[in-house]
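A closer look at the structure
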Amino acid sequence: MKKRFFIAGTDTDAGKTLVTIGLLVAANRKGMRTIGLKPVAAGCEPTAEGLRNSDALQLQEAASVKLSYEQVNPIAFEPPIAPHIAAAQEGRNLSADRLAAYCRGAMMQPADLVLVEGAGGWRVPLSMRESLARLPQLLELDVILVVGMKLGCINHAILTAEAIARDGLRLAGWVANHVDPEMSCPDENLATLETLFRAPLLGRVPWMEAPSADAVADCIDLNTLLPE
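Residues numbered from 1 in each chain as written. Predicted model: local features only at pLDDT ≥ 70, side-chain atom pairs only at ≥ 80, totals over all residues. Heavy atoms only, no water.

- As annotated in an unreviewed UniProt entry, the chain is ATP-dependent dethiobiotin synthetase BioD from Marinobacterium stanieri.
- Under Cofactor (unreviewed entry), UniProt gives the following word-for-word description of the chain: "Mg(2+)". (UniProt positions renumbered as here; feature names shortened; annotations may be inferred.)

**Brief notes about the pattern of salt bridges**
- Applying the stated criterion across every chain yields a total of 10 salt bridges.
- Residue Lys150 pairs with Asp11 through a salt bridge whose shortest N-O separation is 3.1 Å. In this pair, Lys150 is assigned in the loop between β8 (142-149) and α7 (153-166) and Asp11 in the loop between β1 (3-9) and α1 (16-29), connecting sequence segments 139 residues apart.
- Judged by its relative accessible area of 26%, Lys150 is partly exposed.
- By relative accessible area, Asp11 is classed as buried at 16%.
- One salt bridge connects Asp214 with Arg29, and the closest N-O pair in it is separated by 3.4 Å. Here Asp214, found in helix α9 (residues 213-218), pairs with Arg29, found in helix α1; they are 185 residues apart in sequence, far enough to count as distant.
- For Arg29, a relative accessible area of 47% gives the class partly exposed.
- Members of the salt-bridge network, linked through shared partners, are Arg29, Asp214 and Asp218. (Salt bridge = Lys/Arg side-chain N within 4 Å of Asp/Glu carboxyl O. Helix = DSSP H or I, 4+ residues; strand = E, 2+ residues; numbered from the N terminus. Buried < 20%, exposed > 50% of the residue type's maximum accessible area, 1.4 Å probe, protein only.)

**Concerning the side chain of Arg52**
- Inspection of the secondary structure assignment puts Arg52 in strand β5 (residues 50-52).
- In this view, Arg52 contacts Cys44, Glu45, Thr47, Leu57, Tyr69 and Glu70; residues no more than four positions away in its chain are not counted. (Contact = heavy atoms within 4.5 Å.)

Below, the structure written as structure tokens:
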């Protein structure tokens, strides 16, 4: 059965893309057909082919099923700001229904694992009426939470997990990504989250000066998420 997950983060710099490409590479090693999607992205660079987002390009490269850029990232904005603000500046409307339609089109490709990466944190707005959290609801996706391990992460992580549950979605697992090399008591913070979370810890990614997908994949255990 095809496995599909939404990758959420505790905040903008939690490391969603790094963990997503690590998950894709780890699944590729198991011989799985993988797809990575970034439905909406801000902070894109103009190119001859159109706007391109570095996170989306990494997902496109890491996935074993090769899709066009427009399938991976159908909605792109140039300024690195909240998507709803970028859309308003361009006079465009963002909706979860539209994003879900794009995702469903890409999901028609044969694949064993599909990862849909969010933008920002769980409640990032698409408009004044809905947030991006509506997308995994429409697609009926379980959630993998990337916790950016730094001061304040326990509060951010617990609040995000509560919001995921309140929205009727299942937290399938979480990844601890050490974004602050000078964080105090990292082991104690991790132990606290392991105790408070009901979902399994899928991996602990240490601080890396120059992180790579292969290095992150080495830190992730897919056996709980994708049993044989």
